[in-house]
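Per-entry structural report
One letter stands for each residue in the lines below.
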Amino acid sequence: MDKLLEQIQKGTVWQFPGGVHPPQQKSLSNGADIARLPLPDKLVVALKQHIGANGKLLVEKGQRVLKGQALTEPVANWSVPVHAPSSGIITEIAPKPSAHPSALPELSIVIEPDGKDEWCTLKPVNEPKSLTHQELVDIIHQAGISGMGGAGFPTYIKADTKQSIDFFIVNAVECEPYITADDTLMREHAAEIIQGVELMQQLLNPTVCIVGIEDNKPEAIAAMTKAAEHNNKIIVQTVPTVYPSGGEKQLIKLLTNREVPSMGIPADIGVLMHNTGTLYAVQQAVYEGKPLIERVVTVTGNTIHKPGNVWALLGTEIKHLLDCQGFSPVPQQRVVMGGPMMGFTLPTVRIGVIKTTNCILAPDHKELAEPGPEKACIRCSACADACPASLLPQQLQWFAKSKEYDKLQEHNLFDCIECGACAYVCPSEIPLVQYYRVAKVEIKEQQAEKIKADRAKERFDARKERLDREQEERKNRHKRKPPAKSDDEKQKVADALARVKNKSSNGNEKSAVAAAIARAKAKKREGQNSEIEPDNSEVAKERALRKEQARKYKEQKEHSEDTAPLDDKKSAVAAAIARAKAKKAAQSQDGQANTNDTETAMPVDDKKAAVAAAIARAKAKKAAKAAETQNEPEKHANTDTPVDDKKAAVAAAIARAKAKKAAKAAETHNETEEQPAQTSEDKKKAAIAAAVARAKAKKLQKEGNDQS
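Looking now at the pattern of salt bridges. Counted by the stated rule, this structure contains 27 salt bridges. Asp166 serves as the salt-bridge partner of Arg258, at 3.3 Å between the closest nitrogen and oxygen. Taken as a pair, Arg258 in the loop between α7 (248–256) and β11 (271–275) and Asp166 in the loop between α3 (155–159) and β8 (167–171) lie far apart in primary sequence, 92 residues in all. The partner of Glu404 in a salt bridge is Lys407, with the nearest N and O atoms 3.1 Å apart. Under the relative-accessibility criterion, Glu404 is labelled partly exposed at 29%. One continuous salt-bridge network, built from bridges that share partners, spans Lys42, Glu317 and Arg350.

This is the structure in structure tokens:
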């Protein structure tokens, strides 16, 4: 370490591999002082201007804000706020095109300046050494400062590093062609930049601080050397003009001969680096209390009449910068944000300046020609010779085209700093950097998906383990041993037992307890007896009676089914005989009526027929009554046995059936006798006689039913 420090103090500079020497074109813009522009008509302040999460909105549409007022507040890691660049009214909060090659919309706050440029209350610190480490870090954090050299890394993260720092490096190289923002800033504000360096020394306590400046900036070297002469721990070191000597890893190699490991960061080797613009913003935040609301931007190119550097408020549209510097566009004009090596063409000039915007390049067609069609690689190895990271650009391009992402990672794709040196020297005009950028994005997306899947699996495994553990605990709950009692609990139990013994020594209490026990035992015995010997005699009698009635009913039903068919058959025969006799008598009467022609004989025959029908009905009724009378004494005499009752019931049913059939036969016979009536009077008499006979038969039948 001592030897290395000795070499650094002597001005030793080491070399990094590769590098190219493109035309500088810096003289176009570094001949004049930094200009102040008039306020634009509107300011489009993007919420995301750094690496990390957006802040939480603190304002709303229609609200008036002051210059320097916080528009958001940090809510997550790597989150820094943004501030109002000028006082005015918020007219819109909506997604706007972003300062990115894709111009994807980002949530932005549109402010219409009121022209007053009224500041909010500022809190400058005159004696920063009186601040604690955390207080100083918080000031940097709340000022919204992030890396202004291109990456946009939150400054407070670097300022609060826990790793030991040997070398603190100020990147003042500015190796990109056309860009002179840092050069002019060092010329005009070298003292403020050195104050920012000393604030970082207070936070990091490095062994030495090295300011690296390319040898093509003599005025800046002189200004920085003069400003740092009071601090013997600050060394201003010139480096050769080679692109990309301003790369983080390349400048560390140049100044310290240390190499950052693959996929590592400078802090891993005891080195930390900041840009001159970032250090100036730190000084303004602490000594002036101003948040980061403006920065120096180089506006240059052959289509710009007044190329130079300007103080641009964050959120100022690119169009406003171009118009203020005398922009004369050519057909198919390109406007590039950044330099010609690492910049990108803007899809629109209605994009606001952000914290990492260091240059707006508006070249004509001769100055920056459109790239020609891509040709096949001729394996000339010029790209490998120019690569400052010692990679194999042509191999990476083949893997990127075939989407072999595993091989890209094996060949250290993420060590590529996208400097564009390989594409600059390629004779086939292959846009190598574009292939690398696309491949990096796709690999990061795959890694994010894998991380998400791994986390989901971890959650699933943790849940399954928890459920299994809970199930096992439920199974073994009864097997657990009771927890061991403490000495205090044991003493409490012993005291309770002693009190019980003392109470049991009293005779009255003993007798009372014994009497209570005796009463409990007696009640228990009574309960047991009442439960063991219930009185079921009445239930048994009722059950026996129901069984007897069911048995009698079953026997009676079986007997009626056996005898009924025979009796029905006999009654049917008797009814058939009666009908035959009635028909025979009617036929004989019809014959007599036909042979007798006198009118006097007809009433006699009708009278005879009516009398004969009445006699037949009387005989039928008499027979039915006799059968019922005969059945009554048998029924009453034999009530003791179930068999006699059944026979009597059957006999009564048979008698009733015979009576009904006889009455019916008589009526039928009477009707057949009355049909051949010759006069209306004879018909009337016959109908009356038949009705009387039917009424008497129904009456007899009803009386027989009541008796049965």
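This next bit is on the sheet that holds strand β2 (residues 43–46). An order of β2-β7-β6-β4 is seen for the 4 strands of this open sheet, with the pairing classed as antiparallel. Each edge of the sheet is formed by a strand with only one pairing partner; in this case those strands are β2 and β4 (64–65).

Both trends apply: most residues other than glycine have a negative phi, and most peptide bonds are in trans. Residue Pro244 is reached from Tyr243 by a cis peptide bond, and omega for that bond is 5 degrees. Despite not being glycine, Asn205 has its phi angle at roughly 50 degrees, a positive value. For Asn205, the location among the structural elements is in the loop between α5 (190–204) and β9 (208–214).

Below, the discussion takes up the packing of aromatic side chains. One pass over the full model with this rule turns up 2 aromatic pairs. Measuring from centroid to centroid gives 4.7 Å for Trp78 and Phe153, while their planes differ by 65 degrees, and the two rings are edge-to-face. Taken together, the positions of Trp78 in the loop between β5 (72–73) and β6 (88–97) and Phe153 in the loop between α2 (133–142) and α3 put the pair 75 residues apart, joining distant regions of the chain. Look at Trp78 and you get partly exposed, because its relative accessible area is 35%. Classification of Phe153 by relative accessible area gives partly exposed; the value is 23%. For the pair Tyr280 and Trp311, a centre-to-centre distance of 5.8 Å together with 35 degrees between the ring planes defines the contact as tilted. Of this pair, Tyr280 sits in helix α8 (residues 276–288) while Trp311 sits in strand β13 (residues 308–313), and the two are 31 residues apart along the sequence.

The subject of this paragraph is the side chain of Thr155. By the secondary structure assignment, Thr155 is in helix α3. Since its relative accessible area comes to 1%, Thr155 is described here as buried. Sequence-distant contacts of Thr155, defined by excluding residues within four places in its chain, comprise Ile140, Ile145, Ser146, Gly147, His274, Thr278 and Val282.

Core analysis: the biggest nonpolar cluster contains 66 residues, and Phe168, Ile318 and Leu321 have the highest contact counts within it. In terms of residues, this core owes the most to one element, α5, which gives 8 residues. Counting residues in hydrophobic clusters, the runner-up holds 28 residues, among them Ile8, Trp14, Val20 and Val260.

So, on to helix α6 (residues 218–227). Looking only at α6, the buried set comprises Ala220, Ile221, Ala223, Met224 and Ala227. Axial view of α6: buried residues confined to an arc of 165 degrees, hence all on one face. The exposed set on the far side of α6, more than 90 degrees from its buried face, consists of Pro218 and Lys226. At its buried positions, α6 is contacted by α4 (181–188), α5, β9 and β10 (234–239).

Relative to the helices and strands, Gly88 resides in strand β6. C-alpha of Gly88 to C-alpha of Lys67: the two residues are 21 residues apart in sequence and 8.1 Å apart in space. Here Gly88 is in contact with Gln63, Arg64, Val65, Ile111, Glu112, Pro113 and Asp114, once residues within four sequence places are set aside.

Moving on, we come to the side chain of Gln397. Tracing the backbone shows Gln397 in helix α11 (residues 393–401). If we skip the residues at most four places from it in the chain, Gln397 touches Glu374, Ile430, Leu432, Tyr435 and Tyr436.

This part takes up the pairing of β13. Counting buried residues along β13, 6 of its 6 residues qualify, which places the element largely inside the surrounding structure. Going residue by residue along β13, you find Gly308, Val310 and Ala312 tucked away on one face and Asn309, Trp311 and Leu313 tucked away on the opposite face as well. The pairing of strand β1 (residues 35–36) with β13 spans 2 bridges and is classified as parallel. The residue bridging Arg36 from the neighbouring strand is Trp311, located in β13.

This next bit is on helix α14 (residues 432–475). If you check α14, its first and last C-alpha atoms are 64 Å apart, about what 44 residues at 1.5 Å a residue would give, namely 64 Å. Where α14 is concerned, the buried positions are Leu432, Val433, Tyr436, Ala439, Lys440 and Ile443. As for α14, its buried residues are in contact with α10 (382–386), α11, α12 (405–410) and α13 (421–425).

A few words now on the environment of Thr184. As for its placement among the helices and strands, Thr184 is situated in helix α4. With a relative accessible area of 1%, Thr184 lands in the buried category. Separated by 112 residues in the primary sequence, Thr184 and Val296 place their C-alpha atoms 8.8 Å from one another. Contacts of Thr184, omitting those with residues within four sequence positions, involve Asn30, Ala32, Ile34, Val296 and Asn309.

Right, let's talk about the packing of α4 against α6 for a bit. α6 packs onto α4 with a crossing angle of 40 degrees between their chain directions and a minimal axis gap of 8 Å. When the axes of α4 and α6 are compared, the pair comes out oblique. For the element pair α4 and α6, the recorded crossing hand is left-handed. Of the residues in α6, those in contact with Asp183, Met186 and Arg187 of α4 are Glu219, Ala220, Ala223 and Met224. A breakdown of the residues in the contact of α4 with α6 according to their chemical character gives 4 nonpolar, no polar and 3 charged.

Now for the sheet that holds strand β15 (residues 344–345). Strand order in the open sheet formed by 6 strands is β1-β13-β12-β16-β14-β15, with mixed pairing between adjacent strands. Either end of the sheet is taken by a strand with one partner, and the two such strands are β1 and β15. Pairing of strand β14 (residues 336–337) with strand β16 (residues 359–361) involves 2 bridges; the strand directions are antiparallel. What sits directly across from Val336, in β16, is Leu361.

Definitions and cut-offs
- Residues numbered from 1 in each chain as written.
- Predicted model: local features only at pLDDT ≥ 70, side-chain atom pairs only at ≥ 80, totals over all residues.
- Heavy atoms only, no water.
- Salt bridge = Lys/Arg side-chain N within 4 Å of Asp/Glu carboxyl O.
- Helix = DSSP H or I, 4+ residues; strand = E, 2+ residues; numbered from the N terminus.
- Buried < 20%, exposed > 50% of the residue type's maximum accessible area, 1.4 Å probe, protein only.
- Pairing = 2+ DSSP bridges.
- Phe/Tyr/Trp six-rings, centres within 6.5 Å; stacked < 30°, edge-to-face > 60°.
- Contact = heavy atoms within 4.5 Å.
- Core = buried A, V, L, I, M, F, W, Y, C linked by side-chain atoms within 4.5 Å.
- Arc of directions from axis to C-beta.
- Expected span 1.5 Å × (residues − 1).
- Axes fitted to C-alpha atoms, helices over the stretch in contact; angles between N-to-C directions.
- Parallel < 35°, antiparallel > 145°, perpendicular 65-115°, else oblique.
- Left-handed = near helix turned anticlockwise from the far one by under 90°.
- Nonpolar A, V, L, I, M, F, W, Y, C, P; charged D, E, K, R; others polar.

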